Amino acid sequence: MATALKSKGVKEVKEVAQERRKELESLPHGVRNVQINRKEQNSSDAAGVPANPNRADSGGGVIGNDQELNADAVVPPDNSDASCRNGDSVSGHGLHLNQEINPSISIAQGITEAPNGVTVSSNQEATVPDGGGGGGGAAVAAVAAAAVGDQEPIVPATATVPPFIIENVNLLSLTGPPIQEEAEDTVDDETGQQEEAVNSYDHLLVSVAINKDKFLEDKLACELDHTSHRVIKNFEHLACTKEVDAPHETRLRCKLNSENSCFLMLIDFLAVEKGDETVQDLIAALKAIGRHDVVKIITDVYPANSTETISDFAASDTNSELIKKMATKLDQQSRVIGYWINLGRKFGVSGEKLKEIEYGQFNPTLALMEYLYSKQADLTVGRFYEKIKEKLKRADVLKKLDPFLVEDSGKPMEDVIQLDSDVMRSICVCLNNQNRALNNWRHLANAFNVPKDIYKDFNPKEPKSPTNLLFEWIFANRIHLTVGQLCAALESIGRNDIVRDLRKYFEQR
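Since the model is a prediction, treat every value here as computed from it, not as a measurement.

Reading the values: rules and limits
Residues numbered from 1 in each chain as written. Predicted model: local features only at pLDDT ≥ 70, side-chain atom pairs only at ≥ 80, totals over all residues. Heavy atoms only, no water. Helix = DSSP H or I, 4+ residues; strand = E, 2+ residues; numbered from the N terminus. Buried < 20%, exposed > 50% of the residue type's maximum accessible area, 1.4 Å probe, protein only. Polar contact = N/O pair within 3.5 Å; in protein donor to acceptor, adjacent residues only side chain to side chain. Contact = heavy atoms within 4.5 Å. Axes fitted to C-alpha atoms, helices over the stretch in contact; angles between N-to-C directions. Parallel < 35°, antiparallel > 145°, perpendicular 65-115°, else oblique. Nonpolar A, V, L, I, M, F, W, Y, C, P; charged D, E, K, R; others polar. Phe/Tyr/Trp six-rings, centres within 6.5 Å; stacked < 30°, edge-to-face > 60°. Lys NZ or Arg CZ within 6 Å of the ring centre and 35° of its normal.

**Q** A description of the side chain of Thr380 should follow, citing residues and the corresponding values.
**A** Counting through the fold element by element, Thr380 comes out in the loop between helix H17 (364-375) and helix H18 (381-392). Thr380 gets classed as buried once you look at its relative accessible area, which sits at 19%. From its side chain, Thr380 meets the backbone nitrogen of Arg383 in a polar contact 3.1 Å long. Sequence-distant contacts of Thr380, defined by excluding residues within four places in its chain, comprise Ser409, Gly410, Lys411, Pro412 and Met413.

**Q** Give a detailed account of the packing of helix H7 (residues 214-224) against helix H25 (residues 466-477), specifying residues and quantitative values.
**A** Put simply, H7 and H25 touch, their axes get as near as 9 Å, and they point 125 degrees apart. Comparing the axis directions of H7 and H25 gives the class oblique. Across the interface between the two elements, Lys214, Glu217, Asp218, Leu220, Ala221 and Leu224 of H7 pack against Thr467, Asn468, Phe471 and Phe475 of H25. Taken together, the residues of the contact of H7 with H25 sort by class into five nonpolar, two polar and three charged.

**Q** Describe the packing of helix H12 (residues 292-299) against helix H14 (residues 320-330), naming the residues involved and giving the relevant values.
**A** Helix-helix packing: each pair is described by the crossing angle between the helix axes and the interaxial distance. It is at 10 Å that the axes of H12 and H14 come closest, and there the two elements cross at 175 degrees. As the angle between them shows, H12 and H14 are arranged roughly antiparallel. Between H12 and H14, the residues in contact are Asp293, Val294, Ile297 and Ile298 and Leu322, Lys325, Met326, Lys329 and Leu330, respectively.

**Q** A description of the packing of aromatic side chains should follow, citing residues and the corresponding values.
**A** This model, assessed by the stated rule, comprises seven aromatic pairs. Summarising the aromatic geometry, the rings of Tyr371 and Phe458 are spaced 5.9 Å apart at their centres and angled 55 degrees between planes, so their arrangement reads as tilted. Taken together, the residues Tyr371 in helix H17 and Phe458 in the loop between helix H24 (452-455) and H25 connect sequence positions 87 residues apart. Like Phe458, Tyr371 is buried. Between Tyr505 and Phe506, the ring centres sit 5.6 Å apart and the planes meet at 85 degrees, which makes this aromatic pair edge-to-face. A connected cluster of aromatic rings, assembled from ring pairs, spans Tyr201, Tyr505 and Phe506. Across the ring face of Phe448, the terminal group of Lys387 is positioned such that the distance to the ring centre comes to 5.7 Å.

This is the structure in structure tokens:
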């Protein structure tokens, strides 16, 4: 009779578990918990399931080692199983055994290895291996482990867990928080959106974003034109990056600023003053100063014995690029090879004229003299001479004025020395010299009390920034270059300071 009742109780518990397992499978993974509520437990008790045989006040039974339990088996009572005594606990999963019956059981899908080596499956039966310590406690641990485990399946031997073991399991906090897989994706998406927002300017075209912003272009020019140390990279290194990849000739033109090219001014002077000289003579002069590289540029187009005059050579439109290539070579001053000034000397050009070419087409001394002629009608040759002698102490300028002191000392200077005269040109060459050891046109302006806010405008036009020239080339030839690629190019030459300023500038817009 006892066997029949126990078999019936076990079957009903298994049926309830199977029903809950079906409900469990319909729930999302990680939240699969099935509760056997009090009413179902009470119905099981009403069906005749006996009290826990392992309690101190009743008969009990223990699971022997390697012994299978099923509905037809009769478990002999035994009170010696310490694993099922009141207050004992099964460690490893936070589970406790107590005297009070708690019918709430959480069963998770899958197979879990509990303490003492018991393996439990939600759709298979438990195995109680050898190892001593009482099989009842191991079975309880197996049921508890099955409730919380998510490990990989381990194929077990079959064993039936009797209801008197299930009754004494009080499962505390077996239901963990659900796994929020979608939440992690949301965080990643938000981070990606933030990064995209931060770098939203990376796709902007340099030819648009910087070309239209003169302030930004000038800021970049200040940081890239000249650096305080050789290890700090400048515009030349930027031009060599794979993102910009400017040709060598373009880099040289940016560096030399061909708008103020001394060689171009020299060739124009030779075309006028030495117009009868031929291309053959030009080649011979270049060989004399050791510039065979420039000779090759010419001989690739002209024969070495060409009799074409220099004036025709300079005036020909077809030679425009050829002359610019020569300028990129000859404008570079050097102490070991000849350059434009050496070439001018080979053609007999005076040192004063070469100095005039060197100082460029801008003439601040001439502008100052024009201002003095218009503002100081009492300016005489003698007075001008005294200012040069006392304030500037420039003997070279005094020597040019000496011929006028005897007869013209008291005459207005503009009537004696005109602005376009050779004497005035010679005076301008002397005073335009930027040598800091010499007093120049600025000192002359101070000697005549010319306000600084006026004479500062007489300063010759500053050479164009090589970085600005490089960006002009980029705007025309690298129209698809983006701000992000420009930042990558700057990072590759170690100018992270400019990258930081550039990104900060766009982020604040």
